[in-house]
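So you can see what is in the structure, the chains are spelled out below.
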Amino acid sequence: MSTLDYRKGHHDLGQGCHAWLQPDGSWGWSNSGLITGSGTSLMVDTLFDLPLTREMLAGLSPVLDQHPLRTLVNTHSDPDHVNGNELVAAPDVEIVASAAAAELMTQEALDAVARVKHLDGTLGEFARHIFGPFELDGITATGPDRTFSGEESVDVGGREVRLIQVGPAHTPGDALVHVPDARLLYAGDVLFVGGTPIAWAGPIDRWIAALDLILDMDVETIVPGHGPVSGKSEVSTMREYLVSVEAQARKRFEDGLDVDQAIASIDLGRFADLPEHGRLAQNVLNVYQQLDPTIPRPDRLTVLTKIAALEGFSPAAFDDATTP
Ligand SMILES: [Zn+2]
């Protein structure tokens, strides 16, 4: 399957593996996966809101009817991968996530993202711009029934599915979902294709190490958390972005530039026109925090204001929108 076939909905990847893709892969437009075994199936991630998740469950129903869902794995804790969990939760469905991801799958975290759409000022405007199509109110946080750390195997109707925690990278609890007999990997947000990765947790070195792990795996098909179904060349491309940003930010830190000066002076080269290029703000901040742990870690909303500014939104009114 090629990256050219990037249409919304169900993609049968063969060998009992499926993807539900959501172009254009920007903020909130995440992908899910489904792996079938004998008479059962495992889902990889739900979507950002209930209507989108309902649509996905309906679209996948021909497969789910034949292979009832027994396991849901959340690749990480971000709301665009877990907000639909309540629609999948059932006594006979086990929800699984890494322990580090589970800690962040709270009602409080979910409500904080929903609230930002209702803020006044530039942050609210930016949030309505990127989250406008999503119904984020009234969602009930639904965490895992079981957690894991490191690696483990899950039996899906007689076939092995491997869960491999590689976070902290994009977030504290990132995990890969590997289907060895199909040479296929669901990468969650460890892989962004066609958009800019954002290192909320990092350090970026660890994220690069996770990409190296993928490059060393015996896989051919990779479903990213955002973007079209891909392969290792897209992993290499994203690795190149992270290596470049990490090296340039480190150099500016050593030269005594502050974070904002570093962000303003970094040359993204061939990645300059990548969608969500403003995420550079968080990526540089992440490198600085690694080099100097005394640099404060602002919350995500504060970071969003910086991203908005880099992408051309006015920085006015940012201060009152910040949360402690
Ligand atoms: Zn995501």
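Residues numbered from 1 in each chain as written. Predicted model: local features only at pLDDT ≥ 70, side-chain atom pairs only at ≥ 80, totals over all residues. Heavy atoms only, no water.

Here we come to the nonpolar core. In terms of nonpolar packing, the biggest core is built from 74 residues, with Trp27, Met43, Phe131, Leu176, Trp207 and Val284 touching the most fellow members. Beyond its immediate chain neighbours, meaning those up to four positions away, Trp27 contacts Phe126, Ile130, Phe131, Phe134, Ile198, Trp200, Glu276, Arg279, Leu304 and Ile307. Judged by nonpolar contacts, the second largest core, of 22 residues, contains Leu13, Ile35, Ala175 and Val223. (Core = buried A, V, L, I, M, F, W, Y, C linked by side-chain atoms within 4.5 Å. Buried < 20%, exposed > 50% of the residue type's maximum accessible area, 1.4 Å probe, protein only. Contact = heavy atoms within 4.5 Å.)

In this section: the sheet that holds strand 6 (residues 94-98). Read from one edge of the open sheet, 7 strands run 1-2-3-4-5-6-7, paired in mixed fashion. Sheet topology places strand 1 (9-14) and strand 7 (146-148) at the edges, where each strand pairs with a single neighbour. Along the sheet, successive strands turn relative to each other by an average axial angle of 20°, direction set aside. Sheet analysis places strand 2 (residues 17-21) next to strand 3 (residues 32-37), joined by 4 bridges and oriented antiparallel. (Pairing = 2+ DSSP bridges. Helix = DSSP H or I, 4+ residues; strand = E, 2+ residues; numbered from the N terminus. Axes fitted to C-alpha atoms, helices over the stretch in contact; angles between N-to-C directions.)

Those donors, Asp80 (OD), His81 (NE2), Asp189 (OD) and His226 (NE2), are the protein atoms that reach the zinc ion, and they lie 2.1 to 2.3 Å from it. Coordination at the zinc ion is irregular: its 4 donor atoms span angles of 85 to 165° at the metal. In primary sequence terms, the donor set of the zinc ion follows D-H-x107-D-x36-H. Taken together, the positions of Asp80 in helix 3 (residues 79-82) and His226 in strand 12 (residues 221-226) put the pair 146 residues apart, joining distant regions of the chain. Neither Asp80 nor His226 differs from the other in exposure class; each is buried. (Donors = N, O, S within 2.8 Å, 3.2 Å for Na, K, Ca; no water. Tetrahedral: all angles 85-135°; square planar, octahedral: opposite > 155°, others 65-115°.)

This brings us to the packing of aromatic side chains. Centre distance and the angle of the planes are the two values used to describe a pair of aromatic rings. As enumerated under the stated definition, the model contains 7 aromatic pairs in all. Ring centres 4.7 Å apart and planes at 55° place the aromatic pair Phe48 and Phe134 in the tilted group. Here the residue Phe48 occupies a position in the loop between strand 4 (40-44) and helix 1 (50-59), and Phe134 occupies one in the loop between helix 7 (121-131) and strand 7, the gap between them amounting to 86 residues. Phe48 gets classed as buried once you look at its relative accessible area, which sits at 2%. Seen in terms of ring centroids, Phe192 and Trp207 are 6.5 Å apart; in terms of plane orientation they differ by 55°. Their pairing is tilted. Of this pair, Phe192 sits in strand 11 (residues 184-192) while Trp207 is found in helix 8 (residues 204-216), placing the two residues 15 residues apart along the sequence. Both residues of the pair, Phe192 and Trp207, belong to the buried class. In this structure an aromatic cluster arises from ring pairing among Trp27, Trp29, Phe48, Phe131 and Phe134. (Phe/Tyr/Trp six-rings, centres within 6.5 Å; stacked < 30°, edge-to-face > 60°.)

The end-to-end C-alpha separation of helix 9 (residues 232-254) is 33 Å, in line with the 33 Å expected for 23 residues at 1.5 Å each. Taken together, the buried positions of helix 9 are Glu234, Val235, Met238, Tyr241, Leu242, Val245, Glu246, Gln248, Ala249 and Arg252. Packed against the buried residues of helix 9 are strand 11, helix 8, strand 12, helix 10 (259-265) and helix 11 (280-291). Immediately downstream of helix 9, the backbone of Gly256 shows phi near 90°, a positive value. (Expected span 1.5 Å × (residues − 1).)

The sheet built from 5 strands is open, its strands ordered 8-9-10-11-12 with mixed pairing. Unpaired on one side and paired on the other, strand 8 (151-156) and strand 12 mark the two borders of the sheet. Strand after strand, the sheet turns through a mean of 25° between neighbouring axes, direction not considered. The pairing of strand 11 with strand 12 spans 5 bridges and is parallel. By the bridge assignment for strand 12, Leu185 is matched with Ile222. Sitting on the sheet, helix 9 touches strand 11 and strand 12, and the angle it makes with strand 11 is about 20°.

Below, the discussion takes up the UniProt feature "domain: Metallo-beta-lactamase" (unreviewed entry) in the protein chain. The sites that carry the UniProt feature "domain: Metallo-beta-lactamase" (unreviewed entry) are, in the present numbering, residues 29-226. Note that residues 29-226 is 31% helix and 29% strand, and that its end C-alpha atoms are spaced 7 Å apart. (UniProt positions renumbered as here; feature names shortened; annotations may be inferred.)

One can find Leu42 in strand 4. What makes Leu42 buried here is its relative accessible area of 0%. Between the alpha carbons of Leu42 and Val154 there is a distance of 9.2 Å; along the sequence they are 112 residues apart. Setting aside its immediate chain neighbours within four residues, Leu42 contacts Gly33, Leu34, Ile35, Leu69, Thr71, Val73, Val154, Val156 and Val161.

One can find His81 in helix 3. Owing to a relative accessible area of 0%, His81 belongs among the buried residues under this scheme. Within the structure, His81 has its side chain in polar contact with the side chain of His226 (distance 3.4 Å). Not counting residues within four places of it along the chain, the set of residues in contact with His81 comprises Ser30, Asn31, Asp45, Thr46, Asn74, Thr75, His76, Asp189, Gly225 and His226. (Polar contact = N/O pair within 3.5 Å; in protein donor to acceptor, adjacent residues only side chain to side chain.)

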